[in-house]
Amino acid sequence: MTRALAIAAAELHVLRRSSATWVLWAVFLFAAGYGFASSPATHLETSMRGALVWVLFALMFLIPAVAARLLSREFEEGTIELTLTSPVSDLELIFGKYLAGLVLAFGWLATTLPLAGLLALYGSPEWLLLGTGYLAIALVTILFMAMATLGAVLAPNQALGFVLGAGLILAVWFSGAALTLFPAISPEARVALSLANQFDEMSNGILDLRAIVLPLSLAAVALFLATRVIETRRWL
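Below, the structure is looked at part by part. (Residues numbered from 1 in each chain as written. Predicted model: local features only at pLDDT ≥ 70, side-chain atom pairs only at ≥ 80, totals over all residues. Heavy atoms only, no water.)

## Comments concerning the nonpolar core
In step 1: Ranked by size, the top nonpolar core spans 64 residues in total, and within it Met48, Leu59, Ile137, Phe144 and Val153 carry the most contacts.
In step 2: Filtering out sequence-adjacent residues up to four positions away, Leu59 remains in contact with Phe28, Pro64, Trp108, Leu109, Ile137, Thr141 and Phe144. (Core = buried A, V, L, I, M, F, W, Y, C linked by side-chain atoms within 4.5 Å. Buried < 20%, exposed > 50% of the residue type's maximum accessible area, 1.4 Å probe, protein only. Contact = heavy atoms within 4.5 Å.)

Right under this line is the structure:
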């Protein structure tokens, strides 16, 4: 774990010095601000639901860009070979890179808190809805970063890493809708396995253990698969 934290700290230092990181952050803030200003939920319900939907949409594409920078770029430049020969396990490598991206994404989310402050200043928001909304977006961020990490380790370059990461995120997000193609699956099961439905319910203040377990379980599976891919590459 110590080595994973060291990798995460080193990667965060590199990301902080990269101009691309600040460009992605600016895009994220624009999406959050636009969603906050334009959503009827902000003015009529005094809630962050509109802003969080735009944040969700932005993260679907910004997170794969970060993961591709952290992992796919090493394959593209050939520096992954040096990394794999260092005394670091595959799990430590993947978790360290993943943790760096996750801390960055959570930092982006933290910059939207002043918007919640504006709601409190000029209105009376429901703090339960606000809290469950941020919990929902945090869980989704954990899952998206894991999926993007898996996509990044499968790609030989950043462009393909971004495409694969974004594709996996979209696939897992819309998997619930795809289940409607199978009539044998009960409506209750489709609802339980739909990330979009779980996110919507949690954003409306409905807490369900399944909405917490599902994204965390999928994230764990994605990181496990990413570790196995790195293990395979080590012996190629």
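## What about empty space enclosed by the protein?
In step 1: This model, assessed by the stated rule, comprises 2 cavities of 30 Å³ or more.
In step 2: Of the pockets and cavities examined, the largest cavity occupies roughly 70 Å³.
In step 3: Taken together, Ala136, Leu139, Val140, Leu195, Gln198, Phe199, Met202, Ala211 and Pro215 make up the lining of the largest cavity.
In step 4: Contributing elements (two or more residues each) for the lining of the largest cavity: α8 (127-153), α12 (195-203) and α13 (209-234).
In step 5: For the lining of the largest cavity, the leading source of residues is α12, giving 4 residues.
In step 6: Of the residues assigned to the lining of the largest cavity, the class counts are 8 nonpolar, 1 polar and no charged.
In step 7: Considered as a void within the structure, the second largest cavity measures approximately 60 Å³ in volume.
In step 8: Lining the second largest cavity are 10 residues, and of these Ser47, Met48, Arg49, Leu129 and Leu130 sit closest to its centre. (1 Å grid on protein atoms, 1.4 Å probe; cavity = no way out; pocket = protein on both sides within 12 Å on 5 of 7 lines; lining within 4 Å. Points joined across faces, edges and corners; volume = space filled by probe spheres on them. Helix = DSSP H or I, 4+ residues; strand = E, 2+ residues; numbered from the N terminus. Nonpolar A, V, L, I, M, F, W, Y, C, P; charged D, E, K, R; others polar.)

## As for helix α2 (residues 19-38)
In step 1: The terminal C-alpha atoms of α2, which comprises 20 residues, lie 29 Å apart, in line with the 28 Å expected from a rise of 1.5 Å per residue.
In step 2: Those residues of α2 that sit buried are Thr21, Leu24, Phe28, Ala31, Ala32, Gly35 and Phe36. When α2 is viewed along its axis, its buried side chains cluster within an angular range of 130° and face the same direction. Along α2, exposed side chains directed more than 90 degrees from the buried face belong to Ser19, Val23 and Phe30. (Expected span 1.5 Å × (residues − 1). Arc of directions from axis to C-beta.)

## Points about the pattern of salt bridges
In step 1: For the structure shown, the criterion picks out 2 salt bridges.
In step 2: Linking Glu231 and Arg228 is a salt bridge whose minimum nitrogen-to-oxygen distance equals 3.4 Å. Of this pair, Glu231 and Arg228 both sit in helix α13, 3 residues apart, which is roughly one turn of the helix. (Salt bridge = Lys/Arg side-chain N within 4 Å of Asp/Glu carboxyl O.)

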